[in-house]
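# Breakdown of the fold
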Amino acid sequence: MQFGQQSATVVFETSGEQIEEAEPHCACTKVKVSGSRLTAVVDTRTFDRDVEKTITVETDDGNEVTLRMQFRVPQAMQLSARSLVWKRNSAPVPQVLRITLPKGSPITHISDASLSGDAFDYAPRVVKRGREYTVTITPRSTAKPALNRLVLTTDSPDPRYHRQIIYLQVKK
């Protein structure tokens, strides 16, 4: 798939049996059946990583089979972690989140990094504008549980790439 591609289409065909019923296992998948041929269209607008979708099909000879489709939706932003965790009462050691924008990404830069809550300090840094960034995050204290979000905002008009959320947690 390409960056920004809105859907993926897969065509399945039996060896002659007529398809009686086809049930996708996700609302993002639409199917059209014509005799022994099934066309599946997966709406990929909300995905930004590898995706697997399935459809259960029943044919006129009574057989039931599950069809699997796999797609690699390119990541416009690669994060070293989707969440950072510290143990309660441990040393509040800084952790570094690494952010990479791959070549060809629809994102040209991160326009903002903001933190919800006040349990953590953060220091964003541009390593290579338009390609590499880091954010160093340190809990102010690990004495009690905490949960905050780091929100990265980009210049991408595509909603799946416009905002990324990383969860920060001090837990038991």
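Reference entry: report on the structure contained in this document. (Residues numbered from 1 in each chain as written. Predicted model: local features only at pLDDT ≥ 70, side-chain atom pairs only at ≥ 80, totals over all residues. Heavy atoms only, no water.)

## Here we look at the overall build of the protein
A count of helices and strands for the protein gives 1 helix and 14 strands. Here the protein has a C-alpha radius of gyration of 22 Å; the compact-globule value for 172 residues is 16 Å, and the former is much larger. Across its three principal directions, the C-alpha atoms of the protein cover 65 × 35 × 20 Å. Counting across all 172 residues of the protein, residues that qualify as buried make up 38%. (Helix = DSSP H or I, 4+ residues; strand = E, 2+ residues; numbered from the N terminus. Rg over C-alpha atoms; globule rule 2.2 N^0.38 Å. Buried < 20%, exposed > 50% of the residue type's maximum accessible area, 1.4 Å probe, protein only.)

## What about the sheet that holds strand S4 (residues 37-43)?
In spatial order, the strands read S1-S4-S3; together these 3 strands make up an open sheet with antiparallel pairing. Bordering the open sheet on either side are strand S1 (7-13) and strand S3 (29-34), each of which pairs with just one other strand. Strand-to-strand twist of the sheet, defined as the mean angle between neighbouring strand axes without regard to direction, takes the value 15°. Two elements, S3 and S4, share 6 bridges in a ladder whose sense is antiparallel. In the sheet register, Ser34 faces S4, and the bridge partner there is Arg37. (Pairing = 2+ DSSP bridges. Axes fitted to C-alpha atoms, helices over the stretch in contact; angles between N-to-C directions.)

## Focus: the pattern of salt bridges
The full count for this structure, using the stated rule, is 4 salt bridges. For Arg72, the salt bridge goes to Asp50, with nearest N and O atoms at 2.9 Å. Taken together, the residues Arg72 in strand S6 (residues 64-72) and Asp50 in strand S5 (residues 50-59) connect sequence positions 22 residues apart. (Salt bridge = Lys/Arg side-chain N within 4 Å of Asp/Glu carboxyl O.)

## Concerning the packing of aromatic side chains
A ring pair, where both rings are aromatic, is described by two values, the distance of the centres and the angle of the planes. According to the stated counting rule, one finds 1 aromatic pair in the structure shown. Taking the centre distance of 5.3 Å and the plane angle of 45° together, the rings of Trp86 and Phe120 count as tilted. With a gap of 34 residues between them, Trp86 in strand S8 (residues 83-87) and Phe120 in strand S11 (residues 120-128) connect regions that are remote in the sequence. The class for Trp86 is buried, based on a relative accessible area of 4%. (Phe/Tyr/Trp six-rings, centres within 6.5 Å; stacked < 30°, edge-to-face > 60°.)

## Digging into the pairing of strand S14 (residues 163-171)
Side chains of S14 alternate between two faces, with Gln164, Ile166, Leu168 and Val170 buried and Arg163, Ile165, Tyr167, Gln169 and Lys171 left unburied. Bridge analysis of S8 against S14 gives 5 bridges, and the strand direction is parallel. Bridge pairing in S14 links Lys87 to Lys171. One ladder, built from 8 bridges, connects strand S13 (residues 146-154) with S14; its direction is antiparallel. Pairing of Arg149 across the sheet is with Tyr167, part of S14.

That's the geometry; what it means functionally is another story.
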